[in-house]
Amino acid sequence: MIFVIVGGRTVLKNRSVRKFVRSIKQRVNLAEKRNAELVKESPADKPDTNSRSTAIQLQKVRTLINAAERAEAREKLEEAEGFYIQALTAYPDAHEAHAQLAKLYLNMGRDQKAEAMYRELLAKIDDASCYSNLGLAYYRQGKFDRACASYQKALERDPQSHKRMAAFGRALFASERFGEAMSYLEKATARLSRDTELLRLFAESCEKSEDSVKALEVYRKINKLEPYDEEVKEKLRTLNSIE
């Protein structure tokens, strides 16, 4: 009997989670069918509500978010998911809970769910981190053009971030927009000068853009950081022979 009860609760919980996320996807897809543009919305006029009731509601949301964060710290991710969903059920405009749940899905590798959550959230708020995380969700699914668009919006809102430049450069490279990728990766590596993985991508962008001079310069930088890398040495020999 105990196993039956516990199993029944688990089934109901999983069903409620699927129903919640499915409703998010349906709302986003419906907006697309209506050619809706996902932009920051101006707050709609709302009827006056009892301030005490609202305060109690917000306190409940904060308590649930704290519980979710503690569950995440203990790596009990499904439990954390349940708390975030409870918070959004209690107060659908709890943007913090919405963003935290979307990020949780991203960290769990549930990229389609993360995508749906971020797309709905970005219809209500304008946030660089959310655009960046949406870009990552797209990137992991191989939707590179959409990833580029999201990363670009993140960078527009946070233009000094070298990490956002790097992410945008990677997405451009994956989209085979090598000339553009080269430009952003050069800016990113100017700040992340010891990131050899990023430098390699920059060098490859230069090669694919047929800029052998710049490619040679970048491979020389990598060689100084990793002098025993035979692949880099071979690249240097090849490019030196061309030069």
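Conventions adopted
- Residues numbered from 1 in each chain as written.
- Predicted model: local features only at pLDDT ≥ 70, side-chain atom pairs only at ≥ 80, totals over all residues.
- Heavy atoms only, no water.
- Helix = DSSP H or I, 4+ residues; strand = E, 2+ residues; numbered from the N terminus.
- Buried < 20%, exposed > 50% of the residue type's maximum accessible area, 1.4 Å probe, protein only.
- pLDDT = per-residue confidence, 0-100.
- Contact = heavy atoms within 4.5 Å.
- Expected span 1.5 Å × (residues − 1).
- Core = buried A, V, L, I, M, F, W, Y, C linked by side-chain atoms within 4.5 Å.
- Phe/Tyr/Trp six-rings, centres within 6.5 Å; stacked < 30°, edge-to-face > 60°.
- Lys NZ or Arg CZ within 6 Å of the ring centre and 35° of its normal.
- Salt bridge = Lys/Arg side-chain N within 4 Å of Asp/Glu carboxyl O.
- Polar contact = N/O pair within 3.5 Å; in protein donor to acceptor, adjacent residues only side chain to side chain.

(A) The overall build of the chain, seen in detail. Regarding its fold elements, the chain presents 12 helices and zero strands. Ordered by position from the N terminus, the helices and strands of the chain form the series α-α-α-α-α-α-α-α-α-α-α-α. By the burial criterion, 37% of the 243 residues in the chain qualify as buried.

(B) Examining the confidence of the model for the chain more closely. Per-chain confidence: the chain averages 86 in pLDDT, with 79% of residues scoring 70 or above. Residue range residues 34–48 is modelled with pLDDT below 50. Its contacts to residues more than four positions away, or to other chains, number 16 contacts.

(C) Representation of the environment of Leu58. With respect to the secondary-structure elements, Leu58 resides in helix α2 (residues 51–73). Taking relative accessible area as the criterion, Leu58 reaches 41% and is therefore assigned partly exposed. Taking the C-alpha atoms as reference, Leu58 lies 9.1 Å from Ala87; in sequence the two are 29 residues apart.

(D) Examining helix α8 (residues 162–174) more closely. With 13 residues, α8 ought to run about 18 Å at 1.5 Å a step, and its terminal C-alpha atoms sit 18 Å apart, in line with that. Burial in α8 covers these residues: Arg164, Met165, Ala166, Ala167, Phe168, Gly169, Ala171, Leu172 and Phe173. Each element contacted by the buried residues of α8 is listed here: α6 (128–140), α7 (144–157), α9 (178–191) and α10 (196–208). Glu176 sits one or two positions beyond α8 and adopts a positive phi of about 65°.

(E) Representation of the nonpolar core in the model. Tyr84, Leu101, Tyr118 and Tyr219 are the most contacted members of the largest nonpolar core, which totals 59 residues. The element that contributes the greatest number of residues to this core is α8, accounting for seven residues.

(F) Looking closely at the packing of aromatic side chains. All told, the structure shown has three aromatic pairs when counted by the stated rule. For the pair Phe173 and Phe178, a centre-to-centre distance of 5.2 Å together with 70° between the ring planes defines the contact as edge-to-face. Taking the relative accessible area as the measure of exposure, Phe173 reaches 15% and is therefore buried. Over the ring of Tyr184 we find Lys187, and its NZ or CZ is 5.0 Å from the ring centre.

(G) Expanded view of α6. Under the 1.5 Å per step criterion, the end-to-end length of α6 is 19 Å for 13 residues, consistent within 8% with the ideal 18 Å. All buried positions along α6 are accounted for by Ala128, Cys130, Tyr131, Ser132, Leu134, Gly135, Ala137 and Tyr138. Of the surrounding secondary structure, the elements contacted by the buried residues of α6 are α4 (95–107), α5 (111–121), α7 and α8. Phi turns positive one or two residues past the end of α6, at Gly142, with a value near 80°.

(H) Representation of the pattern of salt bridges in the model. This structure, assessed with the given rule, holds 17 salt bridges. One salt-bridge network, in which partners are shared between bridges, spans Glu115, Arg119 and Lys143.

(I) Local environment of unusual backbone geometry. Of note in this structure, Glu176 is not a glycine but carries a positive phi near 65°. Of note, Glu176 is situated in the loop between α8 and α9. The backbone phi angle of Glu210 is positive, close to 60°, even though this residue is not glycine. One can find Glu210 in the loop between α10 and α11 (212–225). The class of Glu210 is exposed, set by a relative accessible area of 73%.

(J) Region of the structure containing the side chain of Lys214. Tracing the backbone shows Lys214 in helix α11. A distance of 3.0 Å separates the side chain of Lys214 from the side chain of Glu186, its partner in a polar contact. Excluding residues within four positions of it along the chain, Lys214 makes contact with Met182, Glu186, Phe202 and Cys206.

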